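Okay, here's what each chain looks like letter by letter:
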Amino acid sequence: MGSVRPLAGYEEVPHTADWALRVWAPDLPSLFQQAAAGMYALAGVVLAADAHLERDLTLTASDAETLLVAFLSELLYVAEQERLAFDHLTLTIVAGPQEYVLQAHLRGAAIRSLAKMIKAVTFHNLKIRSLEQGLETEIIFDV
Amino acid sequence: MRLQDLVKISDYEWEIPRTYRHDMRGAVRIFATRQLLEQVSEDLSLEQAVNAATLPGLVGAVVVMPDMHQGYGFPIGGVAATAYPHGVISPGAIGYDINCGVRLLASEVDYEAAVPYLDTLATLLNRYCPSGVGSEGVVRVNMAELDQILRRGARWALERGFASEADLQRTEEFGMVADADPAQVSERARQRGREQIGSLGAGNHFIEVDVIEQIFDVPAAETMGLRQGCLAVQIHCGSRGLGHQICSDYVQEFQNAVRRYGIELPDRELVCAPLDSPEGRAYLGAMRAAANFAFANRQLLAYSARRAFEETFAPHFRHGWQLIQVYDIAHNMGKIETHKVEGRPVRVCVHRKGATRAFGPGAPGLPPEYQPLGQPVLVPGSMGTASWVLVGTERSMERSWGSTCHGAGRVMSRAKAKKEVRGERLRQELEQSGIRVRAGSMPGLAEEAPQAYKDVDMVVETVTHAGIARKVARLRPVAVIKG
């Protein structure tokens, strides 16, 4: 009997030159959370045990995929420039007629070690698909 | 894609006709042997080339090199020309690492005599050329000076004493792309660039010491300063976080631009804007600024490599340890060039992503000594394997937008390489075969294992048989520095 896939998660999928991540979750905020966790895992982020910090973030975009790229790109930038990463993400996403709005409350810490820097989050074949049990997408990272 | 869908032109050239898919605006021309084609038939390289053939304003065929592999949006090893100024420019068809490229420096240090000192050399190169995740550079610059780098590229390095006029003469675009516009570079990109100028970074970037193993074209090699049995140095890197941020910024921004201009594409990573639109002009100015940053970056690393060579060899050798620049080339770039299309000169924007400019003899933009030879082409291998020096040809001007291959090209995913290769064991194997290794990350080393790449000799045989480049010399690695 095959193992049952958890309701939310991520897994690395093969890509010749770069890194690809399959992410699934019951709803959009959880999908974004899983994508962030998967990206940090690919980069080998290890957080410092002490000195936890909090940060609020608001992003807008014309669609859910663009919002996802903007969100992950923001986390990459903070990781490189401020050496900070977040392991507790509280996200709200509101889909309006013209734009998607993300409000995030992030808790994390300084990065103790980082195995690999991801250059960028790409739009390559990026599509958030609706499944019976929620949402799924594949994200290609340039490394 | 099935190989039956391809039309064989010769043993080294194939075509996907424009009729393959209704939205193609031109054919796809592939330089490859059947064996190389079979290697890529399971990934998305050829589908991505077909997608690239849908770019508005495409002129002629999209060209794909034998080192092709699946990328994101546009295949690595791809070349596409769009009409200037009414066609489009696509940041994703140039890549995140704008002006990623290779610099080759040659010495007169005899390999056999240098062997006792190569460990010291590898250690000093590793010390003086900052590498690894988020590494910071060898110089500190403020924002005003960064602006000068973005405008003046390697010429800034000359004015600061990090370069010679001879270095600039032997750099593509003479080390400075005109019409760069720092005002179109975001604050975030500038911040990342300011901290990283003069650093190698990580990933597939490296500094490699090679011995010139075989010369195929003696006069060309003499002109370039390549001597059989002597040491040379390759530097492979690009525009670091500055280029990555510029590409990310404009791929995001162009998601809206394509709606404004009514452009429909099969992949959102291919988003583009007309070259003569405000958005297109802004990206072109920013991309050129990133290109200048990369020229300056490789120049600073060359300065550091020269310091390592001098400290290693000057105490033991009376002369010959000075590193003379052979050439510096870009392999991720968009350029406005004039090419002949159906016998008439046409201005086009040539997007090269993982492809090297390979202009033939007499082409503009070459220093006088290289005019009779054609543009030098630097094709790095994959740590344990050979690298090549080639020159461009007349045929590359006719068949491939004056372009040829850029490396070996990956064939194995990073995930698989990490599973199959242990970094420490690979390091030991390379050391046993006479290649000194200095690597910041063993998993990172494993991802870049030679077995993850195609056979670079087969790639070079393909482009030379196809006539889009000519062999000059083959190099063998003796020391590798990786982030």
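Residues numbered from 1 in each chain as written. Chains lettered and ligands numbered in written order. Predicted model: local features only at pLDDT ≥ 70, side-chain atom pairs only at ≥ 80, totals over all residues. Heavy atoms only, no water.

1. Examining the overall build of chain A
At step 1: For chain A, the count of helices and strands is 2 helices and 9 strands.
At step 2: In summary, chain A has a C-alpha radius of gyration of 15 Å against a globular reference of 15 Å for 143 residues, a match within 12%.
At step 3: Overall, the C-alpha framework of chain A stretches about 40 × 40 × 30 Å when taken along its three principal axes.
At step 4: For chain A, the residues scored as buried account for 57% of the 143 residues in total.
At step 5: Considering only contacts within chain A whose residues lie at least 6 apart along the sequence, 66% involve residues at least 24 apart. (Helix = DSSP H or I, 4+ residues; strand = E, 2+ residues; numbered from the N terminus. Rg over C-alpha atoms; globule rule 2.2 N^0.38 Å. Buried < 20%, exposed > 50% of the residue type's maximum accessible area, 1.4 Å probe, protein only. Contact = heavy atoms within 4.5 Å.)

2. Side note on the pattern of salt bridges
At step 1: A complete count under the given rule lists 48 salt bridges over all chains for this structure.
At step 2: A salt bridge links A:Glu136 to A:Arg5; the shortest N-O distance between them is 2.9 Å. Residue A:Glu136 is found in strand β9 (residues 134-142), and its partner A:Arg5 is found in the segment before β1 (9-13); the two are separated by 131 residues along the sequence.
At step 3: Salt-bridge contacts for B:Asp119 lead to B:Arg438; the nearest nitrogen and oxygen are separated by 3.5 Å. Here B:Asp119 is found in helix α4 (residues 118-128), whereas its partner B:Arg438 is found in strand β18 (residues 436-439), with 319 residues between them in sequence. (Salt bridge = Lys/Arg side-chain N within 4 Å of Asp/Glu carboxyl O.)

3. Observations regarding the sheet that holds strand β13 (residues 344-353) of chain B
Residues and elements named next belong to chain B.
At step 1: An order of β1-β2-β3-β4-β5-β13-β12 is seen for the 7 strands of this open sheet, with the pairing classed as mixed. Edge positions in the open sheet fall to β1 (7-10) and β12 (332-341), since each of these has one partner strand only. Each strand of the sheet is rotated relative to its neighbour by a mean of 25 degrees, with strand direction disregarded.
At step 2: Note that β1 and strand β2 (residues 13-16) share 3 bridges and pair antiparallel. Residue Lys8 lies in a different strand from β2, and its bridge partner there is Trp14.
At step 3: Where helix α16 (residues 456-466) meets the sheet, it contacts β3 (28-31) and β4 (58-72), and its direction lies at approximately 160 degrees from that of β4. (Pairing = 2+ DSSP bridges. Axes fitted to C-alpha atoms, helices over the stretch in contact; angles between N-to-C directions.)

4. With respect to the interface of chain A and chain B
You'll often see interface size given as the accessible area lost when the parts meet.
At step 1: Of the residues lining the interface, 32 residues belong to chain A; the matching set on chain B comes to 38 residues.
At step 2: Remark: the boundary between chain A and chain B carries 7 salt bridges.
At step 3: Salt-bridge contacts for B:Arg188 lead to A:Glu74; the nearest nitrogen and oxygen are separated by 2.9 Å.
At step 4: If you look at where chain A meets chain B, you find 16 residue pairs in polar contact (both at pLDDT 80 or more). (Polar contact = N/O pair within 3.5 Å; in protein donor to acceptor, adjacent residues only side chain to side chain.)

5. Concerning the nonpolar core
At step 1: One finds A:Phe71, A:Leu72, A:Phe141 and B:Ile246 to be the most contacted residues of the largest nonpolar core, which totals 107 residues.
At step 2: In terms of residue count, helix α11 (residues 278-313) of chain B provides more of this core than any other element does, 12 residues in total.
At step 3: Non-local contacts of A:Phe141, meaning those with residues more than four positions away in its chain, are made with A:Asp18, A:Trp19, A:Leu21, A:Met39, A:Leu42, A:Leu72, A:Ile118, A:Ala120 and A:Val121.
At step 4: Core analysis: the second largest hydrophobic core is formed by 31 residues, B:Ala122, B:Phe313, B:Val478 and B:Ile481 among them. (Core = buried A, V, L, I, M, F, W, Y, C linked by side-chain atoms within 4.5 Å.)

6. Some thoughts on the packing of aromatic side chains
All names here are of chain B.
At step 1: As enumerated under the stated definition, the model contains 13 aromatic pairs over all chains in all.
At step 2: Pairing Tyr327 with Tyr370 gives two aromatic rings, centres 5.9 Å apart and planes at 70 degrees, and the pair type is edge-to-face. One end of the pair, Tyr327, is in strand β11 (residues 324-330); the other, Tyr370, is in the loop between β14 (356-357) and β15 (376-379), and 43 residues separate them in sequence.
At step 3: On the basis of relative accessible area, Tyr370 is assigned to the buried category, the value being 0%. (Phe/Tyr/Trp six-rings, centres within 6.5 Å; stacked < 30°, edge-to-face > 60°.)

7. Some thoughts on the packing of helix α2 (residues 64-82) of chain A against helix α10 (residues 240-260) of chain B
At step 1: Two elements in contact, α2(A) and α10(B), have axes whose closest approach is 11 Å; the angle formed by their N-to-C orientations is 160 degrees. Classed by the angle they form, the pair α2(A) and α10(B) counts as roughly antiparallel. Note on packing geometry: the crossing formed by α2(A) with α10(B) is left-handed. In contact with A:Thr66, A:Val69, A:Ala70, A:Ser73 and A:Tyr77 of α2(A), α10(B) contributes B:Gln245, B:Gln252 and B:Gln255. (Parallel < 35°, antiparallel > 145°, perpendicular 65-115°, else oblique. Left-handed = near helix turned anticlockwise from the far one by under 90°.)

8. Here we look at the confidence of the model for chain B
At step 1: This prediction gives chain B a mean pLDDT of 95; 99% of its residues lie at or above 70.
At step 2: The ipTM, which scores confidence in the relative placement of chains, is 0.92 for this predicted complex, and the corresponding pTM is 0.96. (pLDDT = per-residue confidence, 0-100.)

9. Topic: the packing of α2(A) against helix α8 (residues 187-196) of chain B
At step 1: Running from N to C, α2(A) and α8(B) cross one another at 30 degrees; their axes reach a closest spacing of 11 Å. Taken as axis vectors, α2(A) and α8(B) run roughly parallel relative to one another. For the element pair α2(A) and α8(B), the recorded crossing hand is left-handed. Mapping the contact onto sequence places A:Glu74, A:Tyr77, A:Glu80 and A:Gln81 in α2(A) and B:Arg188, B:Gln191, B:Arg192, B:Glu195 and B:Gln196 in α8(B).

10. Concerning the pairing of strand β19 (residues 470-482) of chain B
Residues and elements named next belong to chain B.
At step 1: Within β19, 11 of the 13 residues are buried, which leaves it mostly tucked inside the rest of the structure.
At step 2: As judged from the 9 bridges shared by strand β8 (residues 206-215) and β19, these two strands associate in the antiparallel manner. Looking at the pairing, Glu208 lines up with Val480 of β19.
At step 3: The pairing of strand β16 (residues 387-391) with β19 spans 5 bridges and is classified as antiparallel. Within the sheet, the bridge partner assigned to Val391 lies in β19 and is Arg470.

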